[in-house]
Number of protein chains: 2
Amino acid sequence: MDHDIPEIIIGRLPIYLQALEHMLSQGIQTTSSQELGEAIGISAAQIRKDLSQFGEFGKQGKGYSIPYLVEQLQSILHVNRVWDMVVVGAGHLGTAIANYPDFNRHGFRVAMIFDNDPQRIGTQVGELVVCDAAELEEAVRKANIKIAMLTVPAKAAQSVTEQLVRAGIRAILSYAPLILSVPKNVHVQYIDPIIFLQRMTYYLE
Amino acid sequence: MDHDIPEIIIGRLPIYLQALEHMLSQGIQTTSSQELGEAIGISAAQIRKDLSQFGEFGKQGKGYSIPYLVEQLQSILHVNRVWDMVVVGAGHLGTAIANYPDFNRHGFRVAMIFDNDPQRIGTQVGELVVCDAAELEEAVRKANIKIAMLTVPAKAAQSVTEQLVRAGIRAILSYAPLILSVPKNVHVQYIDPIIFLQRMTYYLE
């Protein structure tokens with residue numbers, strides 16, 4: 001039944017999950033679409049409509065059991081397991097991301113980090129040693145890693161992407177400020193601070 | 001007429017602007033809502049409806065003049081000027097962001113960077129010198145800076161936010177993995193890699 005669910009709905013599920021996990025961490029056990037909607041700025045009707053695509057999670061008038069809904073959303077999003085990831089680019093951004101403390105709690109683990117700079121290869125980043133980018137393709141394929149985070153300079157991003165695709169990577173989180181060309185079965189998400197800043201300047205002045 | 005435009009529409013305008021600027025950089029001068037929609041995965045009808053909130057930008061059957069629409073979107077989003085910004089936190093992430101090469105072309109400039117670590121204060125980050133966080137409030141107020149990027153550890157994020165708000169900051173881009181409490185007239189956007197990763201794991205396996 002999941003086949004035709006619009007990407008925009010899938011895009012909201014992690015936001016629901018994050019807010020619900022936050023409530024749970026504060027000891028809250030049940031919530032309503034109204035309460036959840038107020039916490040994240042999405043209408044209660046939209047939340048009910050989105051969730052109804054995946055089944056019946058709340059009881060009429062009784063709201064949602066947060067532990068149950070968290071479990072269901074984790075299962076829908078396939079994060080009720082741990083995904084190994086590779087970071088490509090061991091500069092300041094790659095180092096910051098490889099050390100990001102919250103991955104483990106949310107279904108992710110940085111398993112490898114690569115760079116092509118001889119000054120960086122062999123150095124320590126958190127608990128990992130920076131590997132030579134020349135070995136990326138073989139190492140990623142062997143380890144059967146499906147997710148990559150890309151923090152290389154813009155001019156290297158497309159060629160690294162092609163290596164990652166050849167290595168079997170199916171999802172790329174890119175911090176490079178350009179649109180990557182990938183086959184249809186590879187997913188890309190972009191983190192671009194400019195988009196987020198421009199969403200706020202509208203309200204300034 | 002802008003008063004009641006939903007936040008979700010405002011949130012899409014920077015995505016339109018980015019795609020249009022990309023087309024322009026490739027020498028393309030006109031486009032249609034169909035073509036733009038295909039480039040960014042949003043329906044043509046949605047794009048037309050969003051833009052119609054702000055006026056009449058295309059001619060029936062002739063599509064949009066990209067240079068004109070870019071100019072209009074920049075004006076709507078208030079990025080047809082340069083906004084000075086402050087970075088708080090001069091670790092790996094703050095250093096990466098302060099050196100981000102694309103701000104200047106998009107209406108932003110990193111004017112100051114702060115940290116509270118004596119080892120970092122006085123060191124160089126790109127063209128800036130890291131200032132003592134103890135001076136943040138006064139310096140930001142004096143310089144009349146309205147936008148901050150927050151790259152401090154989670155445990156410091158709320159108290160730094162309160163300093164920023166007292167200093168007159170009106171927009172915060174936070175990389176800290178928690179929800180900040182701010183007054184109603186202060187805008188916050190969060191960059192959390194987990195949200196973006198979970199949008200892709202849905203499609204894996």
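This is a predicted model, so every value here is computed, not measured. (Residues numbered from 1 in each chain as written. Chains lettered and ligands numbered in written order. Predicted model: local features only at pLDDT ≥ 70, side-chain atom pairs only at ≥ 80, totals over all residues. Heavy atoms only, no water.)

**Overview of the overall build of chain A**
Along its length, chain A carries eight helices and 11 strands. Counting only C-alpha atoms, chain A reaches 60 × 45 × 35 Å along its principal axes. Out of the 205 residues belonging to chain A, those deemed buried represent 49%. In chain A, the proportion of contacts linking residues at least 24 apart, taken out of those at least 6 apart, comes to 56%. On chain A, the mean spot of the 17 positive side-chain charges and the mean spot of the 21 negative ones are 4 Å from each other. (Helix = DSSP H or I, 4+ residues; strand = E, 2+ residues; numbered from the N terminus. Buried < 20%, exposed > 50% of the residue type's maximum accessible area, 1.4 Å probe, protein only. Contact = heavy atoms within 4.5 Å. Lys, Arg positive; Asp, Glu negative; His and termini not counted. Charge placed at Lys NZ, Arg CZ, Asp CG, Glu CD.)

**What about the packing of aromatic side chains?**
Following the criterion strictly, the structure yields seven aromatic pairs over all chains and no others. Seen in terms of ring centroids, A:Tyr202 and A:Tyr203 are 4.9 Å apart; in terms of plane orientation they differ by 90 degrees. Their pairing is edge-to-face. Pairing B:Tyr100 with B:Phe103 gives two aromatic rings, centres 4.9 Å apart and planes at 55 degrees, and the pair type is tilted. What makes B:Tyr100 buried here is its relative accessible area of 13%. When the ring centre of A:Trp83 is taken as origin, the NZ or CZ atom of A:Arg81, which lies over that ring, is 3.6 Å away. (Phe/Tyr/Trp six-rings, centres within 6.5 Å; stacked < 30°, edge-to-face > 60°. Lys NZ or Arg CZ within 6 Å of the ring centre and 35° of its normal.)

**Brief notes about helix H7 (residues 154-166) of chain A**
Within H7(A), burial applies to A:Ala157, A:Val160, A:Thr161, A:Gln163 and A:Leu164. Looking one or two places after H7(A), you find A:Gly168, whose phi comes out positive at around 100 degrees.

**Here we look at the sheet that holds strand S2 (residues 58-59) of chain B**
Residues and elements named next belong to chain B. Read from one edge of the open sheet, three strands run S1-S3-S2, paired in antiparallel fashion. Looking at the sheet topology across the chains shown, the edges are occupied by strand S1 (30-31) and S2. Relative to strand S3 (residues 63-65), S2 runs antiparallel, the two sharing two bridges. Opposite Lys-59, over in S3, you have Gly-63 as the bridge partner. (Pairing = 2+ DSSP bridges.)

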